[in-house]
Amino acid sequence: MSLYRLLDPDRKEGYLFTLTILMTNHWSPPHCVQIRVSSFFGKMDHLARVAMATTVVVTGAGVLLYAIYRRLRSEEGAEETDSGPVVPNITKYGKPAVVQELRKPGYFILYNNQTKTPVYVVEKLTADVMNDCHALGEQEDRKFCSDDAIHSEQIRSTNADYAGSGYDRGRMAAAANYTGCKDTRVGTLTLSNAVPQFSACNKGNWTILEDHARNLVKTSLGVYVYSGPLFIPQEVGRSRDKYVVYQVIGENTVAVPTHFFKIIVAERIKEGTTVECYLVENAPFSAESLLLHEMAVELSDIEKWSGLVFNKLHKLVELQR
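Now for a quick tour of the structure.

Conventions we followed
- Residues numbered from 1 in each chain as written.
- Predicted model: local features only at pLDDT ≥ 70, side-chain atom pairs only at ≥ 80, totals over all residues.
- Heavy atoms only, no water.
- Salt bridge = Lys/Arg side-chain N within 4 Å of Asp/Glu carboxyl O.
- Phe/Tyr/Trp six-rings, centres within 6.5 Å; stacked < 30°, edge-to-face > 60°.
- Helix = DSSP H or I, 4+ residues; strand = E, 2+ residues; numbered from the N terminus.
- Buried < 20%, exposed > 50% of the residue type's maximum accessible area, 1.4 Å probe, protein only.
- Pairing = 2+ DSSP bridges.
- Arc of directions from axis to C-beta.
- Contact = heavy atoms within 4.5 Å.
- Core = buried A, V, L, I, M, F, W, Y, C linked by side-chain atoms within 4.5 Å.

1. Points about the pattern of salt bridges
- One pass over the structure, following the stated rule, counts 6 salt bridges.
- In this structure, Arg156 and Asp148 form a salt bridge, with 3.7 Å as the shortest nitrogen-oxygen distance.

2. Topic: the packing of aromatic side chains
- With the rule as written, the count across this model stands at 7 aromatic pairs.
- Ring centres 4.8 Å apart and planes at 55° place the aromatic pair Phe231 and Tyr246 in the tilted group. On the criterion of sequence distance, the pair formed by Phe231 in the loop between strand 10 (220-230) and strand 11 (234-235) and Tyr246 in the loop between strand 12 (242-243) and strand 13 (248-249) is long-range, its members being 15 residues apart.
- Residue Phe231 is classed as buried on the basis of its relative accessible area of 19%.

3. Side note on the pairing of strand 6 (residues 107-112)
- With 6 of its 6 residues buried, strand 6 lies for the most part within the structure.
- A two-sided burial pattern is seen for strand 6, the buried positions comprising Tyr107, Ile109 and Tyr111 on one face and Phe108, Leu110 and Asn112 on the other.
- Linking strand 5 (residues 99-104) back to strand 6 in an antiparallel pair, the connection comprises 2 residues, with Gly106 at a positive phi of about 100°.
- Note that strand 6 and strand 7 (residues 117-125) share 6 bridges and pair antiparallel. Each bridged residue has a counterpart across the sheet, and for Asn112 the counterpart in strand 7 is Thr117.
- Hairpin connection from strand 6 to strand 7: 4 residues lie between these consecutive antiparallel strands, with Lys116 at a positive phi of about 60°.

4. Considering helix 9 (residues 299-306)
- Those residues of helix 9 lying buried are Leu299, Ile302 and Glu303. Burial along helix 9 is one-sided: seen end-on, the buried residues are contained in an arc of 100°.
- Elements in contact with the buried residues of helix 9: strand 15 (259-268), strand 16 (272-281) and helix 10 (311-320).
- Phi turns positive one or two residues past the end of helix 9, at Gly307, with a value near 80°.

5. Quick word on the nonpolar core
- Core analysis: the largest hydrophobic core is formed by 27 residues, its most contacted members being Leu125, Trp206 and Val223.
- Counting residues per element, this core draws most heavily on helix 7 (residues 205-217), at 5 residues.
- When sequence neighbours within four positions are dropped, the list of residues in contact with Leu125 reads Met130, Asn177, Tyr178, Ala213, Val217, Gly222, Val223 and Val225.
- Counting 19 residues, the second-largest nonpolar core is a separate cluster that includes Leu230, Phe261, Val265 and Leu279.

This is the structure:
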């Protein structure tokens, strides 16, 4: 704090001093507050100026001590809530989670440790990553591998899990989306990006949606695509109740979803930003290819079945109606 100007008895004009305080909740860079004292201080005697300066110093010290106290309390885990203090250091031995984030070149995976599949994969498609498009060769397509970024071997899927299962390793981020970027394209071959998918679904309606997303890139600044598995409750036998029933494959019990969703957010050059939501059944038979509107669903339907909440898309969906 600059006190010399405040205590200088020969200064008659407005006085300026600086108080440096520490934010009470975080160790932020010090915030300097400059306070201009009106000229009437120039009429105070020396003793009054000393009293005023002492008050400011004591107040600043109090703020600093309170900041230190709050910081120490935070580190101990004794933070306040609306209903009172929580148990100190309640998460001392960690916060176990059933999901983990996997950041890949060009896309992002929220991975489910329990199902050994993605919760969802989100990618941004642009013309730059899709230039020089061509079909991938069969040899490259077979080079799937486990993802070492996953914390433990017990929660990874492996090629052995898929062997002889009758399911494709269906990728949520498609390799064909990244034909202009080899590193990202090869990265889609990690099994953290794959889900057990019937070939009829993988090569049928799911491919139709992937092609549609790529076609939107031609008229968009960018296309964001969310893709993931769903485990939708089904009726079993004559029961009026519904059950979440799904198969698991391999030694690592990789979950086989009942359906898949795809949400396509296209930043269109002319039409503005549009949101499209689709649902595809993971069916074992070769169904007739569906039209886009036959696979379309509401965003609220995907949220209900997945448990995900797409807050930032709600307003865009409302504007489309």
